[in-house]
Amino acid sequence: MWTLTVLSVCCLGAVFSVVQLLSEQSNGEDGSVTLAGCGTNSTVDPNAEFPAIDPYSSEQIKNAAIIISVGQDLEIPARGWIIAVATAMQESRLTNLGHLGDQNDHDSLGLFQQRPSSGWGTPEQVTDPVYSSTKFYEKLQTIDNWETLPLTVAAQRVQISAFPDAYAKHEPKATEIVNTLTGGGGRVAAVDTQLGNCNPSGELSASGWMIPVEGPLNSGFRTSERPTHNGVDIGAPRDAPIVAAAAGTVITSECNASLYGAPYSCNQDGSPEVAGCGWYVNIVHAGDYLTRYCHMGDAPLVKEGDVVQAGQLLGYVGSSGRSSGPHLHFETHLNADRSPAGAVDPVDFMNQMGAPLD
């Protein structure tokens with residue numbers, strides 16, 4: 001049997017839950033449980049017994065295991081497993097759909113609602129989870145640069161669904177399932193076909209995340225010296241490119257700066273006396289995660305309402321707003337809550353997403 005534990009980190013009312021395989025965890029010197037690594041090279045056995053992962057039953061998770069196992073057998077990069085599981089979550093809730101009469105969408109069958117009339121195979125074939133998973137991966141591999149596309153874009157190009165944006169919301173849970181069944185497979189590089197080596201800094205992870213800029217951490221999250229510092233400061237040089245940490249939608253792109261209550265231009269360096277983030281961007285991602293990028297040197301290159309993908313250029317490092325020198329102030333929030341109550345430590349958050357900041 002699989003043994004599970006849940007590690008929760010609470011921060012001013014925000015809860016960040018990470019489901020881990022107990023066998024992949026280790027105890028720290030103080031007896032605390034540490035996060036799992038980046039998977040093992042053991043192939044997922046679809047004949048094993050699997051845990052329920054809310055809201056999915058053990059039988060539904062077994063179907064996810066089959067999808068992952070087929071991906072491993074076909075040497076599909078780990079990013080593909082997450083895309084495939086998320087797609088099946090949307091299409092069938094990880095249930096092998098048979099003939100449902102009027103409840104069915106035309107003649108859509110199986111885990112991916114593949115239609116025999118559209119050339120996916122016979123009804124018997126597309127209701128075989130191994131066959132249907134194989135066909136999904138074969139089509140996925142025909143899409144140029146699918147590993148780096150937003151999950152919902154890659155899934156839609158395979159499925160040609162009437163609801164092209166529906167897949168994105170399943171990405172966090174699909175990542176959790178893959179991490180649970182593989183011991184952290186979502187934390188390898190998106191292009192890796194083997195597990196065990198964590199995603200190197202600056203690359204896109206299988207879970208779809210990457211660091212926003214290269215540089216050392218100069219100031220931490222809510223330290224004793226700065227208890228209201230709701231992010232981390234990354235010491236990147238002036239004009240270094242800042243990129244989106246994951247696919248999402250821009251909800252803020254503006255100047256936020258004042259001096260003693262009067263407006264202050266973001267088109268110049270700020271100082272510790274200036275209030276505000278300077279030129280900054282907020283992005284909301286799948287799972288209602290929010291990232292914030294502050295102190296850009298010029299107006300952001302994206303505007304409110306823009307849909308961006310991981311690695312897309314947002315702007316350049318500067319020192320606008322409350323800043324004593326060029327750097328990126330980077331925040332991560334839960335529940336799309338842009339207030340301090342939603343903020344969580346970006347180091348822990350990005351480690352879990354397979355995009356370590358340090």
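Figured I'd write up the structure that's included with this text. (Residues numbered from 1 in each chain as written. Predicted model: local features only at pLDDT ≥ 70, side-chain atom pairs only at ≥ 80, totals over all residues. Heavy atoms only, no water.)

## Let's talk about the packing of helix 4 (residues 129–140) against helix 5 (residues 151–159)
Interaxial distance between helix 4 and helix 5 falls to 9 Å at its minimum, and their mutual angle equals 110°. One finds that helix 4 runs roughly perpendicular with respect to helix 5. Counted together, Phe136, Lys139 and Leu140 of helix 4 and Ala154, Arg157, Val158 and Gln159 of helix 5 form the full contact between these two elements. Here the contact of helix 4 with helix 5 is built from residues that sort into four nonpolar, one polar and two charged. (Axes fitted to C-alpha atoms, helices over the stretch in contact; angles between N-to-C directions. Helix = DSSP H or I, 4+ residues; strand = E, 2+ residues; numbered from the N terminus. Parallel < 35°, antiparallel > 145°, perpendicular 65-115°, else oblique. Contact = heavy atoms within 4.5 Å. Nonpolar A, V, L, I, M, F, W, Y, C, P; charged D, E, K, R; others polar.)

## Topic: the packing of helix 1 (residues 58–73) against helix 4
A pair of packed helices is captured by two measures, namely the crossing angle of their axes and the spacing between those axes. Where helix 1 contacts helix 4, the axes come no closer than 9 Å and their chain directions differ by 50°. Taken as axis vectors, helix 1 and helix 4 run oblique relative to one another. The hand of the helix 1/helix 4 crossing is right-handed. The segment helix 1 lies against helix 4, with Asn63, Ile66, Ile67, Ile68, Val70 and Gly71 engaging Pro129, Val130, Ser133, Thr134 and Tyr137. Here the residues of the contact of helix 1 with helix 4 sort into seven nonpolar, four polar and no charged. (Left-handed = near helix turned anticlockwise from the far one by under 90°.)

## Side note on helix 5
The buried count for helix 5 comes to seven of nine residues, which makes it a mostly enclosed element. Against the buried residues of helix 5 lie helix 2 (78–92), helix 4 and helix 6 (171–182). One or two positions beyond helix 5, positive phi appears at Ile160, with a value near 50°. (Buried < 20%, exposed > 50% of the residue type's maximum accessible area, 1.4 Å probe, protein only.)

## A look at the pattern of salt bridges
Applying the stated criterion to the full structure yields seven salt bridges. Close ionic contact of Asp269 with Arg238 constitutes a salt bridge, the shortest N to O distance being 2.9 Å. Of this pair, Asp269 sits in the loop between strand 7 (262–263) and strand 8 (275–285) while Arg238 is found in the loop between strand 4 (232–234) and strand 5 (241–243), placing the two residues 31 residues apart along the sequence. Its salt-bridge partner being Glu331, residue Arg292 comes within 3.1 Å of it at the nearest N-O pair. (Salt bridge = Lys/Arg side-chain N within 4 Å of Asp/Glu carboxyl O.)

## What to know about the nonpolar core
Ranked by size, the top nonpolar core spans 46 residues in total, and within it Ile67, Val85, Leu94, Tyr137 and Ile177 carry the most contacts. Listed by contribution, the elements that provide at least two residues to this core are helix 1, helix 2, helix 4, helix 5 and helix 6. With nine residues, helix 2 is the largest single contributor of residues to this core. Excluding residues within four positions of it along the chain, Leu94 makes contact with Tyr56, Gln60, Asn63, Ala64, Ile67, Val85, Ala88, Met89, Leu111 and Ile177. Judged by nonpolar contacts, the second largest core, of 38 residues, contains Ala257, Tyr264, Val274 and Met353. (Core = buried A, V, L, I, M, F, W, Y, C linked by side-chain atoms within 4.5 Å.)

## Remarks on unusual backbone geometry
The omega torsion of the bond from Asp54 to Pro55 falls at 10°, within 30 degrees of zero and hence cis. Its location among the elements puts Pro55 in the loop between strand 2 (14–21) and helix 1. Of note in this structure, Tyr260 is not a glycine but carries a positive phi near 55°. Among the structural elements, Tyr260 can be located in the loop between strand 6 (248–259) and strand 7.

## A closer look at helix 6
Taking 1.5 Å as the rise per residue, helix 6 with 12 residues should run 16 Å; its terminal C-alpha atoms sit 16 Å apart, in good agreement. With 10 of 12 residues buried, helix 6 is to be regarded as a mostly interior element. Restricting attention to buried positions, one finds in helix 6 the residues Glu171, Ala174, Thr175, Glu176, Ile177, Val178, Asn179, Thr180, Leu181 and Thr182. Gly183 lies just past helix 6 and shows a positive phi near 75°. (Expected span 1.5 Å × (residues − 1).)

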